[in-house]
There are 2 protein chains.
Amino acid sequence: MGDTDLAALGRLLADSSRATMCTVMLDGRFHTAGELARAAEVAPSTASEHLTRLVSGGLVEGDRQGRHRYYRLAGADVAAALESLALVAPERAVTGLRSSSASAALRRGRTCYDHLAGELGVRLTDALIRRNVITDEFALADAAPLRELGVAVPAPADGASRRPLVRGCVDWTERRHHAAGVVPAALATRLFDLGWVARVGSGRAVRLTGAGEAGLVGALGSL
Amino acid sequence: MGDTDLAALGRLLADSSRATMCTVMLDGRFHTAGELARAAEVAPSTASEHLTRLVSGGLVEGDRQGRHRYYRLAGADVAAALESLALVAPERAVTGLRSSSASAALRRGRTCYDHLAGELGVRLTDALIRRNVITDEFALADAAPLRELGVAVPAPADGASRRPLVRGCVDWTERRHHAAGVVPAALATRLFDLGWVARVGSGRAVRLTGAGEAGLVGALGSL
DNA sequence: GAGCCGTTTCGGTGGGCACCGAACCGTCCC
DNA sequence: GGGACGGTTCGGTGCCCACCGAAACGGCTC
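A brief structural summary.

Analysis parameters
Residues numbered from 1 in each chain as written. Chains lettered and ligands numbered in written order. Predicted model: local features only at pLDDT ≥ 70, side-chain atom pairs only at ≥ 80, totals over all residues. Heavy atoms only, no water. Near = heavy atom within 4 Å. Polar contact = N/O pair within 3.5 Å; in protein donor to acceptor, adjacent residues only side chain to side chain. Helix = DSSP H or I, 4+ residues; strand = E, 2+ residues; numbered from the N terminus. Nonpolar A, V, L, I, M, F, W, Y, C, P; charged D, E, K, R; others polar. Axes fitted to C-alpha atoms, helices over the stretch in contact; angles between N-to-C directions. Parallel < 35°, antiparallel > 145°, perpendicular 65-115°, else oblique. Left-handed = near helix turned anticlockwise from the far one by under 90°. Contact = heavy atoms within 4.5 Å. Pairing = 2+ DSSP bridges. Phe/Tyr/Trp six-rings, centres within 6.5 Å; stacked < 30°, edge-to-face > 60°. Buried < 20%, exposed > 50% of the residue type's maximum accessible area, 1.4 Å probe, protein only.

Bringing the protein's contact with DNA strand D into the picture now. Neighbouring residues of DNA strand D: 24 residues in total, closest His50(A), Arg53(A), Gly34(B), Ser45(B) and Tyr71(B). One of the side-chain nitrogen or oxygen atoms of Ser45(A) is found 3.1 Å away from a base oxygen of DNA strand D. Taking Gly34(B), its main chain carries an N or O atom lying 2.9 Å from a phosphate oxygen of DNA strand D. Those elements giving two or more residues to the surface near DNA strand D turn out to be α2 (16-25) and α4 (44-56) of chain A together with α3 (33-40), α4 (44-56) and β3 (68-73) of chain B. The dominant element in the surface near DNA strand D, judged by the number of residues it contributes, is α4(A), at 5 residues. Residue classes in the surface near DNA strand D are distributed as 5 nonpolar, 10 polar and 9 charged.

Structure below.
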């Protein structure tokens, strides 16, 4: 009986299979229905039903290409909402060695929809603050070092209504903020292109390469 | 099978009674169990069960005083997560005149946990930006006008790990950001003390008083 | 065309849980 | 003290929905 239908959204996340699928899709990329079914450990038919509900609920969007069907989160605001929920969510007991090492990799570095998070994300954020690229209040200060790296930094925002160039994003493993927004997203894309960060396995986990370590220290003075 | 138990949190919000209670508690204040039961339109026994679950889930904290028991949201991060969810949640169809005028009042002005939101919130945010109290990237710039109003502004943050003095908070009715954080929260408290904003009814809705209109224009140059 | 494969739809089954009324407990007031 | 009242606990009922297998529906390949 409220103003918005919070409960409908809660029901979508209430199921562990759907929650797992959403967590997988937090990397912002497309995933096939079968891949999501395996991740959630349910039959393809069950996964299909879940995905239909997620789409009609507006959390996920689908794109059919050939005989495959690709799904991803519906937008950055959805990813932000899920991340802020994950911050509140209690830590889950780790079961087994494989998931333990997997979550350790996630803690070290991962993508958060379109930018970098985890230890790597906050290290990068702190380096950007020290180099005065952004302020400690997450405002863009000096974009020159980024432009030298080949990052496409758009013109400053003309109002508060646009998506911010830089904003703070809660990091649920580090329990603090890291840099998000248009500029950090562009930076993340560029770092992938340069080969300075690379994906670990097929999930969200990423790591800093040797060239990335050297390159970022050179560009920002520290890391 | 994820890293945190997102599904458990979703289950808490999945029930419409619990969701309504959480929406009521979004004002950050304490509410009695009976009041929340009436808001959700369920028997007191049912409400009690819901509140027990919300507490054990970490979303809500309770405080017994006398024969009453008061409940409120567990923290600002919980409120932020709920607000970001409400932004994603689809608009709900308005049923009846009473809820229509109530939601209209909410759109005009309301408290968002500890600061101001709605039309009033974004007008205030824009005035703060025009007056250069904060930047359009939600960083604190010049606290002098606030101190003249009697707002207690703490010293600048010494690192990125503390709760930010100012941050952007999504406004689900205005579909843009308004100012949140330590400073806007202190400002809201001060405006209540001055009588410049007052609550409308018993819920989250607030309105700007005549004295508030004049006082804020005087302090900030515009509104 | 036939065959394969990824995906979706459809019945049927089972478990979880929201709900209420009744009983119980603690606090306040006369 | 007794009575009223707010809140919680406890059984019992009924609904919602996650799950699977089987079958149908594309699209791709040979």
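Residues and elements named next belong to chain B. The contact between helix α2 (residues 16-25) and α4 brings their axes to 10 Å, and the two run at 70°. Comparing the axis directions of α2 and α4 gives the class roughly perpendicular. Note on packing geometry: the crossing formed by α2 with α4 is right-handed. Within the contact between the two elements, α2 uses Ser 17, Arg 18, Met 21, Cys 22 and Met 25 and α4 uses Ala 47, His 50, Leu 51, Arg 53 and Leu 54. Residues belonging to the contact of α2 with α4 are distributed by class as follows: 6 nonpolar, 2 polar and 2 charged.

Here we come to the protein's contact with DNA strand C. Close to DNA strand C lie 24 residues, the nearest being Ser45(A), Tyr71(A), Ala43(B), His50(B) and Arg53(B). Counting only the atoms of DNA strand C that lie within 4 Å of the protein, the sugar and phosphate share comes to 70%. Measuring from a phosphate oxygen of DNA strand C, one finds a backbone N or O atom of Ala43(B) at 2.9 Å. In this structure, His50(B) approaches DNA strand C through a side-chain N or O atom, which is 2.4 Å from a phosphate oxygen. For the surface near DNA strand C, the secondary structure elements donating two or more residues are α3 (33-40), α4 and β3 (68-73) of chain A together with α2 and α4 of chain B. Among the elements that make up the surface near DNA strand C, the one with the highest residue count is α4(B) (5 residues). Of the residues that constitute the surface near DNA strand C, the class distribution is 5 nonpolar, 10 polar and 9 charged.

Along the chain, Arg107(B) turns up in helix α6 (residues 97-108). In this structure, the C-alpha to C-alpha distance between Arg107(B) and Ala205(B), residues 98 residues apart in sequence, is 8.2 Å.

This part takes up the pairing of β3(B). All names here are of chain B. Where strand β1 (residues 31-32) lies against β3, 2 bridges are found, and the strand directions are antiparallel. In the strand pairing of β3, His 31 is matched with Tyr 71. Where strand β2 (residues 60-65) meets β3, 6 bridges bridge the pair, whose relative direction is antiparallel. When the bridges of β3 are listed, Val 60 appears paired with Leu 73.

All names here are of chain A. If you trace the 3 strands from one edge of the open sheet to the other, you get β1-β3-β2, paired in antiparallel fashion. Because the sheet does not close on itself, it has two edges, and the strands there are β1 (31-32) and β2 (60-65). Across the face of the sheet, α2 comes into contact with β1, β2 and β3 while running at roughly 85° to β3.

It is worth spelling out the packing of aromatic side chains at this point. Residues and elements named next belong to chain A. Applying the stated rule across the entire model yields 2 aromatic pairs over all chains. Ring plane angle 75° and centroid distance 6.5 Å describe the contact between Phe 30 and Tyr 70, whose orientation is recorded as edge-to-face. In this pair, Phe 30 is assigned in the loop between α2 and β1 and Tyr 70 in strand β3, connecting sequence segments 40 residues apart. Classification of Phe 30 by relative accessible area gives partly exposed; the value is 34%. Tyr 70 sits in the partly exposed class, given a relative accessible area of 25%.

To continue, consider the sheet that holds β3(B). Across a sheet, strands are paired by hydrogen bonds formed along the backbone, either parallel or antiparallel in direction. Pairing in this open sheet of 3 strands is antiparallel, and the strands run β1-β3-β2 (chain B) from one edge to the other. Each end of this open sheet is capped by a strand with a single partner; those strands are β1 and β2 of chain B.

On to unusual backbone geometry. Phi is positive for Glu41(A), which is not a glycine, with a value near 60°. Checked against the element boundaries, Glu41(A) lands in the loop between α3 and α4.

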